[in-house]
Amino acid sequence: MRAVVHDHYGDPSQVLRLAELPPVGAPGPGEVSIRVTVRPAHPGDLLGITGGDGPAGSEGKRRIPGFDGAGVVTAVGRDVADLQPGQRVAFFPVSGAWAEHVVAAASAVVAVPDEIDEPTAALMLVNPVTMRMLLRALDEAWAGTPRPFVQTAAGSSVGRLVAAAAERHDFPLVNLVRSTAGAAALTERFPSLTTISTSEPDWSARMRDALGGPASVVLDAVGGTLATDLLAGLADGGSLISYGGLSGSPVSLGATDVVGRELRIRGVSIGRWSRLDAEQRGEDVAFALATAQARPDLFEVAASYDLADFATAVGEVGRPGKVGAVLLTSPTEQSA
Ligand SMILES: NC(=O)c1ccc[n+]([C@@H]2O[C@H](COP(=O)([O-])OP(=O)(O)OC[C@H]3O[C@@H](n4cnc5c(N)ncnc54)[C@H](OP(=O)(O)O)[C@@H]3O)[C@@H](O)[C@H]2O)c1
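Residues numbered from 1 in each chain as written. Predicted model: local features only at pLDDT ≥ 70, side-chain atom pairs only at ≥ 80, totals over all residues. Heavy atoms only, no water.

Caption draft 1: Molecular detail of the overall build of the protein chain. When helices and strands are tallied, the protein chain shows 11 helices and 15 strands. Against the compact-globule benchmark of 20 Å for 336 residues, the protein chain has a radius of gyration of 21 Å, which places it among compact chains. If you line up the protein chain on its principal axes, its C-alpha atoms span 60 × 40 × 35 Å. Looking at the 336 residues of the protein chain, the share that counts as buried comes to 48%. For the protein chain, the proportion of contacts with a sequence separation of at least 24, taken over those separated by at least 6, is 66%. Surface summary for the protein chain: the accessible area is close to 15000 Å², and the carbon and sulfur share equals 52%. (Helix = DSSP H or I, 4+ residues; strand = E, 2+ residues; numbered from the N terminus. Rg over C-alpha atoms; globule rule 2.2 N^0.38 Å. Buried < 20%, exposed > 50% of the residue type's maximum accessible area, 1.4 Å probe, protein only. Contact = heavy atoms within 4.5 Å. Areas by Shrake-Rupley, 256 points an atom, 1.4 Å probe, with all protein chains shown as cover.)

Caption draft 2: Molecular detail of the site of the ligand. Surrounding the ligand, one finds 23 residues, the nearest of these being S157, R178, I270, G321 and K322. In this structure, an oxygen atom belonging to the ligand sits 2.8 Å away from a main-chain N or O atom of V158. Y243 places a main-chain nitrogen or oxygen 2.9 Å from a nitrogen atom of the ligand. For the ligand, the accessible surface in isolation is 930 Å², of which the surrounding protein chains cover 85%. Put simply, the parts of the chain that give the shell around the ligand at least two residues each are α2 (43–50), α4 (126–142) and α5 (157–169). (Near = heavy atom within 4 Å. Polar contact = N/O pair within 3.5 Å; in protein donor to acceptor, adjacent residues only side chain to side chain.)

Caption draft 3: Representation of the pairing of strand β12 (residues 239–242) within the structure. Note that strand β11 (residues 217–220) and β12 share 4 bridges and pair parallel. The residue bridging V217 from the neighbouring strand is S239, located in β12. Taken together, β11, helix α8 (residues 224–232) and β12 form a β-α-β motif whose crossover is right-handed. Read as a crossover between parallel neighbours, the route from β12 over helix α9 (residues 255–260) to strand β13 (residues 264–267) is right-handed. (Pairing = 2+ DSSP bridges. Right-handed = clockwise from strand over helix to strand, strands pointing away.)

Caption draft 4: Geometry of the packing of α4 against helix α10 (residues 278–294). One can describe the packing of α4 onto α10 by two numbers: an axis separation of 9 Å at closest approach and a directional angle of 125°. Considering their axes alone, α4 and α10 lie oblique with respect to each other. In this structure, α4 meets α10 at a crossing whose hand is right-handed. Of the residues in α10, those touching α4 at P128, V129, M131, R132 and R136 are Q280, E283, D284, F287 and A288. Along the lines of polarity and charge, the residues of the contact of α4 with α10 split into 5 nonpolar, 1 polar and 4 charged. (Axes fitted to C-alpha atoms, helices over the stretch in contact; angles between N-to-C directions. Parallel < 35°, antiparallel > 145°, perpendicular 65-115°, else oblique. Left-handed = near helix turned anticlockwise from the far one by under 90°. Nonpolar A, V, L, I, M, F, W, Y, C, P; charged D, E, K, R; others polar.)

Caption draft 5: Inspection of the environment of S239 at higher detail. Looking at the element boundaries, S239 is found in strand β12. Taking the C-alpha atoms as reference, S239 lies 10.0 Å from E140; in sequence the two are 99 residues apart. Once residues within four sequence positions are removed from consideration, S239 is found in contact with A141, S216, V217, V218, L234 and R264.

Caption draft 6: The packing of aromatic side chains, seen in detail. As enumerated under the stated definition, the model contains 3 aromatic pairs in all. With 5.4 Å between their ring centres and 75° between their planes, W142 and F149 make a pair best called edge-to-face. On the basis of relative accessible area, W142 is assigned to the buried category, the value being 3%. By relative accessible area, F149 is classed as buried at 0%. Judged by centre distance (5.1 Å) and plane angle (70°), the rings of W142 and F171 are edge-to-face. Of this pair, W142 sits in helix α4 while F171 sits in the loop between α5 and β9 (173–177); the two residues are 29 residues apart in sequence, bridging distant segments of the chain. The exposure class assigned to F171 is buried, which follows from its relative accessible area of 17%. By the ring-pair criterion, three or more aromatic residues cluster together here, those being W142, F149 and F171. (Phe/Tyr/Trp six-rings, centres within 6.5 Å; stacked < 30°, edge-to-face > 60°.)

This is how it looks when you write it as structure tokens:
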């Protein structure tokens, strides 16, 4: 089978290569084999390739990136009652999604109804679940009463899901994006919300006006000077909820602000989702399925490339102005 692999951590454009690997083994008890047809290339996947030191993968073995995707069940192991060969599925978290086949724990696999197309199936778990985790963190920060908040990188795939939730629940959200064109596009998409470009010199004053005062919470995926400025501008007792670092730069903490005004900083990572109880995870998956069926427009695809074109796909992930996710596909005729 084909797979995109890397032997060392580093710049994805340098370390990734296409490899021909042996077929995956038969699924064990509680596992299923999946022929993967579509998988996203998330910004977080690229961080996973860049991060770390030395050889990637254990014991000198290469590492296959990717944790989510969609495909077709090819075999089921013992004790798997609710999935059958031939069934369309989505999966998360399963290591090695940038390969044509994976063996997955059945608990990480979700049957996909016919109404959900393949690209949407591949995208329906990670970002909606992240959005749900962010909303839970928001709710804790608010202590139950919605207060004015702001999100950075609001035009991202996750940001648009947050914006849709804010519209639906009438949450007092202001969206921040980094370009005037991005602000115009997001305003068209979410006309009931205020969207401001941080490229405008008066963005901070406009944000405060739109919020009616300082923000109580910042949902931040950018970090760097933007998050540093937003942290300093929070209302007393306010929270910075960090879930990404698109700028590649750290947030500076001013002790006077953080200590004196009792600001809070909280991280949210989908990497911790598996540790949540089964009931919570079940509700998150039900939400993801319902959203994929009701709002396929929230799962926009920027571009799709065959696995062999991984280098172009990886270059596309960080392209300024890109709207939606980048997908890596593998033809359905391929088999192990
Ligand atoms: N913590 C978690 O568990 C978790 C889970 C999922 C995603 N994430 C994070 O969420 C973020 C969004 O992911 P995604 O897949 O939704 O992204 P995406 O669809 O690829 O969109 C990326 C967005 O970020 C904006 N952006 C990129 N660099 C920026 C910068 N330096 N300053 C301001 N804006 C910038 C882009 O704006 P332009 O339109 O101007 O190019 C674009 O709107 C990423 O940081 C990702 O790692 C975290």
